[in-house]
Amino acid sequence: MTSQDSAKTEEHPSAEDEVVRICQDLIGFDTSNYGDGSGPGERKAAEYVMGELTEVGLDPVLLESEPGRASVLVRIEGEDSERGGLAVHGHLDVVPANADDWQVDPFGAEIKDGCVWGRGAVDMKDMDAMILACVRELARSGRKPPRDLVIGFLADEEAGGVKGSHWLVDNHADQFEGVTEAISEVGGYSVTFDGKQGQQRAYLLQTAEKGIAWLRLRAHGRAGHGSVPNDDNAVVHLAQAIARINQHVWPREYIASVRQLLDGLSDLTGASYTDDELGPLLENLGGAKGFVEGTLRDTSNFTMLDAGYKHNVIPQSASASLDCRFLPGHEDDLMTTIRELAGEHVDVEVVHRDIALDAPFDAPLVEKMKSALLAEDPAAAVLPYCLSGGTDNKALKRLGITGYGFAPLQLPADLDFAPMFHGIDERVPLDSLRFGARVLGKFLADC
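For clarity, every value in this text was computed on a predicted model and none was experimentally measured. (Residues numbered from 1 in each chain as written. Predicted model: local features only at pLDDT ≥ 70, side-chain atom pairs only at ≥ 80, totals over all residues. Heavy atoms only, no water.)

Asks: Just to check I follow, could you spell out the overall build of the protein chain for this structure?
Replies: When you go through the protein chain residue by residue, the secondary structure sums to 13 helices and 19 strands. Computed over C-alpha atoms, the radius of gyration of the protein chain comes to 23 Å, within 12% of the 22 Å expected from 2.2 N^0.38 for 447 residues, which places it in the range of a compact globule. When the backbone C-alpha atoms are referred to their principal axes, the protein chain occupies close to 90 × 55 × 45 Å. Within the protein chain, residue pairs in contact and separated by at least 24 positions form 78% of the contacts whose partners lie at least 6 positions apart. Side-chain charges of the protein chain comprise 40 positive and 74 negative groups, with the mean position of each set lying 1 Å from the other. (Helix = DSSP H or I, 4+ residues; strand = E, 2+ residues; numbered from the N terminus. Rg over C-alpha atoms; globule rule 2.2 N^0.38 Å. Contact = heavy atoms within 4.5 Å. Lys, Arg positive; Asp, Glu negative; His and termini not counted. Charge placed at Lys NZ, Arg CZ, Asp CG, Glu CD.)

Okay, here's the thing in C-alpha cells:
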C-alpha cells in the first residue's frame, strides 16, 4: 500500500474498519430496559448515533416518546424513489444485566478472546453497529442506494416497542412514507453442522415470528385469618389455574417457514424426520435448536407471582404473569384456551399483545439478501426460519411494511450463539462483525 492509499484509507475508513469501534461505543451506553420506566433510557446512545450520522453529512431526527426514551431516524434518497422504500432498523435498548453474574463488566465493551463482550453485543448493538458503519460508508461515498432507505435506531423494543416503534407508527408514520419492506434483527446468522459433504454452514434468515400475548391472571377469593379453614382461597385458585395451564399440551403445527427449514436441513444433512420426531434433526442447529423448538407450537410460560402481604392473612386476590407466544393465525384460539383453563375464579387481563408475522421466502428482497451472503460465503446455504420471540417489525406491519430478520453474522462453529440472547457473558466475534458489515454493505448497494 502506498502512502497515498494509506492516507485515503485513514481519511475514509470503510464500514469494516469502523464496525468494531462503533459496537464498543454503543455497548458502553447503559440502555437497560426494565419495562417499568425506571431504566436510564436510550437518549445518550441516541445522541451518539446522531453525532455519527451528522458527521458524514446526513440529517437525522431524534424523536422522544417521553423524556429519555429516544429514537433516531434518517432517510437516504435512492436512485429510484418511485420504488417502495426499505426500512433498516435496530433497537438501542437492552435487557438488564447483573454484573455479578458476568466474567466482565457488561457495559465495559471489553475485547477478549477475539470478541466484543457486553450487554447488547448480540441483542442488538452488533447489528446497530453494522447499520451505522454501512450508512456512514455509503454517505461518504456519495453513492445513492437503489431505493430510498429509512434508517432507524429505536427505543423500547425490549418492552414491546410501546415507547419506540409503536409510538413512532402512531405519531410519526410520515417518517416511513413509501416504505414497503424492512430488515432488522435475529436472522442471517450462521449455524454449522455435519452435512452430506462434510462441515456445512447455513444462514438462518428470519421470515416469520410468533405473536405476543403478555397476560396477567388475577384470582379472587375470600380474605380471612390464616388459622381458619377457607374454601375460597385466591392463592389456591391461582395455583390450580397455573397447574392447568402448565399441564396443557399445545398441539404442533408446522407453518411454511418451519417446514421449509426442516426440509432444507434434512436435505443438507441427510437426516430424516417425522412430524412426531424431530430430535436428531434439530440437534444439527446447536444453540439455535431452542429458537426452532419454540416455533413448533404455541407456548405459555409463567414468569412472575404476586400474592398476600402477611404470613397469617389469606389474601382476597393473587396474580401471576404469563408470557404466551402464538403462531400466525392462532391468537383467538390461544386466548380462548387460556381463559377456559384459568377457570371461573380467575380473570385474564391482556397487559400487552402484538401480532404474528409471516413473510414469503420466495421474494425478490430475500434473493438480494441471499446474494449478499453467498458473495462472502459461496459454499453456504440459506434457510428460512420463524422466530419464537418478536421484533419491531410487528409495529411496521401496521403500515403495511413486510419485515425480515437479517443481521448477517458468520459465526465460529463452536460458539453457542443463540442462547446469548438475553443471556450471561453476551459477546460477538470481531471477525463476525466485520463479515456482517461487508454483507450488509453489499445488500444495501443492491437492495
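Asks: Explain the nonpolar core to me, please; I cannot follow it from the model alone.
Replies: Most often, soluble globular proteins keep nonpolar side chains buried together rather than apart. Ranked by internal contacts, the top residues of the largest apolar core, which has 101 residues, are Tyr189 and Phe443. With 9 residues, the single largest contributor to this core is helix α4 (residues 125–141). Look past the residues within four positions of phenylalanine 443 in its chain and what remains in contact with it is Leu86, Ile183, Leu365, Lys368, Met369, Ala372 and Phe406. Counting residues in each nonpolar core, the second largest holds 23 residues, with Leu215, Ile245, Phe326 and Leu334 among its members. (Core = buried A, V, L, I, M, F, W, Y, C linked by side-chain atoms within 4.5 Å. Buried < 20%, exposed > 50% of the residue type's maximum accessible area, 1.4 Å probe, protein only.)

Asks: Looking at this structure, how should I read unusual backbone geometry?
Replies: Phi is mostly negative for residues that are not glycine, and the peptide bonds are mostly trans. Going from aspartate 123 to methionine 124, the amide bond is cis rather than trans, its omega being -10°. Positioned with a positive phi, aspartate 156 is a non-glycine residue whose angle comes to about 65°. Note that aspartate 156 resides in the loop between β6 (149–154) and α5 (165–171). By relative accessible area, aspartate 156 is classed as buried at 3%. In this model, histidine 422 sits at a positive phi of 65°, which is unusual for a non-glycine residue. The topology assignment puts histidine 422 in the loop between β18 (402–405) and β19 (427–429). The class of histidine 422 is partly exposed, set by a relative accessible area of 44%.

Asks: What exactly am I supposed to notice about the pairing of strand β7 (residues 179–184) here?
Replies: Two faces make up the sheet, and in a regular strand the side chains alternate between them. In terms of burial, β7 is largely enclosed, as 5 of its 6 residues are buried. Strand direction decides the pairing type here: strand β3 (residues 85–91) and β7, joined by 4 bridges, are parallel. When the bridges of β7 are listed, valine 88 appears paired with isoleucine 183. Bridge count for β7 against β18 is 4 bridges, and the pairing is parallel. Residue glutamate 181 lies in a different strand from β18, and its bridge partner there is threonine 402. (Pairing = 2+ DSSP bridges.)

Asks: Help me understand the packing of aromatic side chains in this model?
Replies: Centre-to-centre distance and the angle between the planes together describe a pair of aromatic rings. For the coordinates displayed, the defined rule picks out 7 aromatic pairs. Summarising the aromatic geometry, the rings of tyrosine 189 and phenylalanine 417 are spaced 5.5 Å apart at their centres and angled 45° between planes, so their arrangement reads as tilted. Residue tyrosine 189 is found in strand β8 (residues 189–195), and its partner phenylalanine 417 is found in the loop between β18 and β19; the two are separated by 228 residues along the sequence. Taken individually, tyrosine 189 and phenylalanine 417 each receive the classification buried, so the pair is uniform in this respect. Taken together, the aromatic side chains of Tyr189, Phe291, Tyr385, Phe417 and Phe421 make up a single cluster linked through ring pairs. The lysine or arginine in question, lysine 112, covers the ring of tryptophan 117, its NZ or CZ lying 4.8 Å from the ring centre. (Phe/Tyr/Trp six-rings, centres within 6.5 Å; stacked < 30°, edge-to-face > 60°. Lys NZ or Arg CZ within 6 Å of the ring centre and 35° of its normal.)

Asks: What exactly am I supposed to notice about the layout of surface pockets here?
Replies: The gaps left among the atoms become clear once a water-sized probe is rolled over them. Of the voids in this model, the second largest pocket is the one considered here, and its volume is about 240 Å³. As for the second largest pocket, its lining consists of 13 residues, of which Cys134, Glu137, Leu138, Ser141 and Arg143 are closest to the centre. Of all the elements in the fold, those that place two or more residues in the lining of the second largest pocket are α4 and α13 (430–446). Among the elements that take part in the lining of the second largest pocket, α4 stands out by supplying 5 residues, more than any other. (1 Å grid on protein atoms, 1.4 Å probe; cavity = no way out; pocket = protein on both sides within 12 Å on 5 of 7 lines; lining within 4 Å. Points joined across faces, edges and corners; volume = space filled by probe spheres on them.)

Asks: Is there a simple way to think about the packing of helix α2 (residues 15–27) against α13 in this case?
Replies: A pair of packed helices can be characterised by two numbers: the angle between their axes and the separation between those axes. Where α2 meets α13, the closest approach of the two axes is 8 Å, and the angle between their N-to-C directions is 130°. Of the possible angle classes, the one that applies to α2 and α13 is oblique. Here α2 runs over α13; the crossing is right-handed. Seen from α2, the contacting residues are Ala15, Glu16, Val19, Val20 and Cys23; seen from α13, they are Leu430, Leu433, Arg434, Ala437 and Arg438. (Axes fitted to C-alpha atoms, helices over the stretch in contact; angles between N-to-C directions. Parallel < 35°, antiparallel > 145°, perpendicular 65-115°, else oblique. Left-handed = near helix turned anticlockwise from the far one by under 90°.)

Asks: Just checking my understanding: could you explain empty space enclosed by the protein for this structure?
Replies: Within this structure, the stated rule accounts for 3 cavities of 30 Å³ or more. In this structure, the largest cavity spans a volume of roughly 60 Å³. Lining the largest cavity are Val122, Met124, Asp126, Glu185, Val186, Gly187, Tyr189, Ala407, Leu409, Phe417 and Phe421. A per-class count over the lining of the largest cavity returns 8 nonpolar, 1 polar and 2 charged. (Nonpolar A, V, L, I, M, F, W, Y, C, P; charged D, E, K, R; others polar.)

Asks: Explain the confidence of the model for the protein chain here, please?
Replies: Averaged over every residue, the pLDDT of the protein chain is 94; the share at 70 or more is 98%. Low pLDDT, under 50, characterises residues 1–9; the stretch is placed with 3 contacts to residues that sit more than four places away or in other chains. (pLDDT = per-residue confidence, 0-100.)

Asks: How should helix α11 (residues 364–376) be read in this particular structure?
Replies: Along an α-helix, residues three or four apart share an orientation, since each turn contains 3.6 residues. Its 13 residues give α11 an end-to-end C-alpha distance of 19 Å, which sits within 8% of 18 Å, the value for a rise of 1.5 Å per residue. Residues Leu365, Val366, Met369, Ala372 and Leu373 constitute the buried set of α11. Take α11 and look down its axis: the buried residues cluster within an arc of 125°, on one side only. (Expected span 1.5 Å × (residues − 1). Arc of directions from axis to C-beta.)

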